[in-house]
Amino acid sequence: MNVFVIIPAYNEEKYISGVVQGIRQENSDCQIVVVDDGSDDATARLAAEAGVIVLCHLLNRGQGAALQTGTQFALKQGARVIVHFDGDGQFEAKEIRNLITPIVKGEADVVLGSRFLLPGSRIPWSKKWLILPLARFLNFLITSRWLSDAHNGFRAFSADACRLVTIEQDRMAHGTEIVEKIARHNLRCREVPVTVQYHRYGQGLIGGLAILKDLIIQKIIS
Amino acid sequence: MLIQAILILFVVFALVKIFSRYQAGELTPLPFVFWIIFWLTVLLIVWQPDLSTQLANSLGVGRGTDLVTYFSLAALFYLIFRLTVRLERIDKNITKIVRHLALGRETSLRGAPHQTQIVDAGQAPRLGNPDKDEIASLRSQ
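Here the structure is a predicted model, which means the values were calculated and not measured.

Here is what the cut-offs are and how they apply
Counting restarts for each chain: residues are numbered from 1 in the order of the written sequence. For this description, chains carry letters from A and ligands carry numbers from 1, given in the order in which they are written. Where local features are concerned, this predicted model is filtered to residues with pLDDT of at least 70; where side-chain atom pairs are given and counted, the filter is 80 or more; whole-chain, interface and lining totals use all residues. Think of the side-chain values as coming from all heavy atoms in the structure, minus any hydrogens and water. The helix and strand labels rest on DSSP assignments: H or I over at least four residues marks a helix, E over at least two residues marks a strand, and numbering proceeds from the N terminus. Relative accessibility decides the category of a residue: with a 1.4 Å probe and only protein chains considered, values under 20% of the type maximum give buried, values over 50% give exposed, and everything between is partly exposed. The contact criterion used is simple: two residues touch if any of their non-hydrogen atoms lie within 4.5 Å. Only the protein chains shown count as cover for residues, and the accessible areas themselves come from Shrake-Rupley with a 1.4 Å probe. Here, a disulfide means two cysteine sulfur atoms that sit within 2.5 Å of each other. Nonpolar cores were defined as sets of buried Ala, Val, Leu, Ile, Met, Phe, Trp, Tyr and Cys residues, with membership established by side-chain atoms within 4.5 Å. Two strands are counted as paired when DSSP detects at least two bridges linking them. For a crossover, the right-handed case is the one in which the path from the first strand over the helix to the second runs clockwise, viewed with the strands pointing away from the viewer. The salt bridge criterion pairs a side-chain nitrogen of Lys or Arg with a carboxyl oxygen of Asp or Glu, the two atoms within 4 Å. Known as pLDDT, the predictor's per-residue confidence is scaled from 0 to 100.

Focus: the overall build of chain B
Counting its secondary structure elements, chain B contains five helices and three strands. Listing each helix as α and each strand as β along chain B from the N terminus yields α-α-α-α-β-β-β-α. Expressed as a percentage of the 141 residues in chain B, the buried residues total 25%. The long-range fraction of contacts in chain B, counting pairs at least 24 apart against all pairs at least 6 apart in sequence, stands at 25%. By element, 69% of the accessible surface of chain B is carried by carbon and sulfur atoms, the whole surface being about 10,200 Å².

Below you can see the structure in the form of structure tokens.
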């Protein structure tokens, strides 16, 4: 099974080598693609030195744009399964297997990681009790799918699902967009527990409002 | 009144600018007519402020200046909306170009364990790890 792991990375020189090594150790048969999203630091060089495929965005375009670039590349290379993975070391490489197994077995088209199905994730309390429940509710309103997590960047797709779920949201709203397209195309979706270690806070309330703004503008211009 | 003189001067300046841009071919006929009508209306209101008050009263608004403020606010919000949509489209087009370049190079930097192949247009592939300058030069192309 031709599995591609896509890692969007923006100024991740601190973590990228470790992330790549971790994936390689746990999943030696995976192809790893780092999409350097216009980093100002040594992310691209370190990723190249780690011996993975590096795609360089000349300008910073956002996580959604980087994921779509990596996905298009992987599809062109004949990927059968595509995994989205973060470049800041917050996900566990050994859990990639859990995500791709339902796709390999033909039981699902898309597998989404969830922080809330396992007790292992250490989530900041404001995020756990305030921001994520709100995000889940908004996700439900927009996508009509009730998921246990919202905007978890650890996902896996079959190649056919990837061709249907094209990411048009360049920044962080792609998390909602992906779920909306999964629902629209009636893809078989499954949630799998994943562990998340927080090195930084990530999306806060302001980030959530920016996502909402992006979603509204997309609705208007599309 | 002094304010009237200043505003009239500004309107005349705007009209001259519109004519010169139209003559230079930078403005198509439709926007040209729109801006001429717009600034002539402004000129009329500045010259005869009572006209705006009469119009305001007929629309149920107390003062002419209030009516102008309401219309200006509505027009400004609409303009901001249009600009936001246009910016979003430009943003998406920039992403397309950036993606095209990233994929077109078929990975400028393509690695194999412990040995990285740098492929650049017009050059034979060579082996070796890229340094910071090489990455910067690939980016700057």
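Let us keep going from here.
A short note on the state of the cysteines
Disulfide: a covalent bond connecting the sulfur atoms of a pair of cysteines. All names here are of chain A. Inspection of the entire model under this criterion finds zero disulfides over all chains. The thiol of cysteine 162 is unpaired, and the distance to the nearest cysteine sulfur, on cysteine 189, comes to 13 Å. Cysteine 189 sits in the partly exposed class, given a relative accessible area of 27%.

With respect to the nonpolar core
Residues and elements named next belong to chain A. Of all hydrophobic cores here, the largest spans 40 residues; its most connected members are Ile7, Ile23, Val83 and Phe85. Those elements that provide at least two residues to this core are strand S1 (3-9), helix H1 (16-26), strand S2 (31-37), helix H2 (43-49), strand S3 (53-57), strand S4 (81-84) and helix H4 (96-104). Dropping the residues within four chain positions of it, phenylalanine 85 is found in contact with Val5, Ile6, Ile7, Pro8, Val19, Ile23, Phe91, Glu92, Ala93, Ile96, Gly153 and Phe154. In terms of nonpolar packing, the next biggest core, distinct from the first, is built from 27 residues, Val33, Phe73, Ala74 and Val165 among them.

Some words on the pairing of S2(A)
Residues and elements named next belong to chain A. For S2, the tally of buried residues reaches six of seven residues, placing the bulk of the element in the interior. Pairing analysis gives six bridges linking S1 to S2, with the strands arranged parallel. In the sheet register, proline 8 faces S2, and the bridge partner there is valine 35. What joins S1 to S2 is H1, and the crossover it makes is right-handed. Where S2 meets S3, five bridges bridge the pair, whose relative direction is parallel. Note on S3: the bridge partner recorded for valine 33 is isoleucine 53.

Details of unusual backbone geometry
All names here are of chain A. A positive phi angle, close to 50 degrees, is found at asparagine 11, a residue other than glycine. Relative to the helices and strands, asparagine 11 resides in the loop between S1 and H1. Judged by relative accessible area, which is 27%, asparagine 11 ranks as partly exposed. Residues other than glycine seldom take positive phi values, yet asparagine 186 does so here, at roughly 55 degrees. Mapped onto the fold, asparagine 186 is located in the loop between helix H7 (174-184) and strand S7 (189-193). Taking the relative accessible area as the measure of exposure, asparagine 186 reaches 64% and is therefore exposed.

Here we look at the pairing of S1(A)
With seven of its seven residues buried, S1(A) lies for the most part within the structure. In S1(A), alternate side chains face the same way, and those of A:Val3, A:Val5, A:Ile7 and A:Ala9 on one face and A:Phe4, A:Ile6 and A:Pro8 on the other are all buried.

Overview of the pattern of salt bridges
All names here are of chain A. The final tally for this structure, using the stated rule, is 17 salt bridges over all chains. Between glutamate 49 and arginine 45 there is a salt bridge; the shortest N-O distance is 3.1 Å. Note that glutamate 49 and arginine 45 are positioned in helix H2 at a spacing of four residues, about one turn of the helix. In this structure glutamate 49 comes out as partly exposed when scored by relative accessible area, which is 31%.

Here's the deal with the confidence of the model for chain B
Any region with low pLDDT has predicted coordinates that should not be read closely. All names here are of chain B. When the pLDDT values of chain B are averaged, the result is 81; 74% of them are 70 or greater. Mean pLDDT across the secondary structure elements of chain B bottoms out at strand S3 (residues 126-127), with 38, and peaks at helix H1 (residues 2-23), with 95. Taken together, the stretch residues 107-130 has pLDDT below 50 and engages in 62 contacts with residues farther than four places along the chain or on a different chain. This complex was scored by the predictor with a pTM of 0.77 and an ipTM of 0.85.

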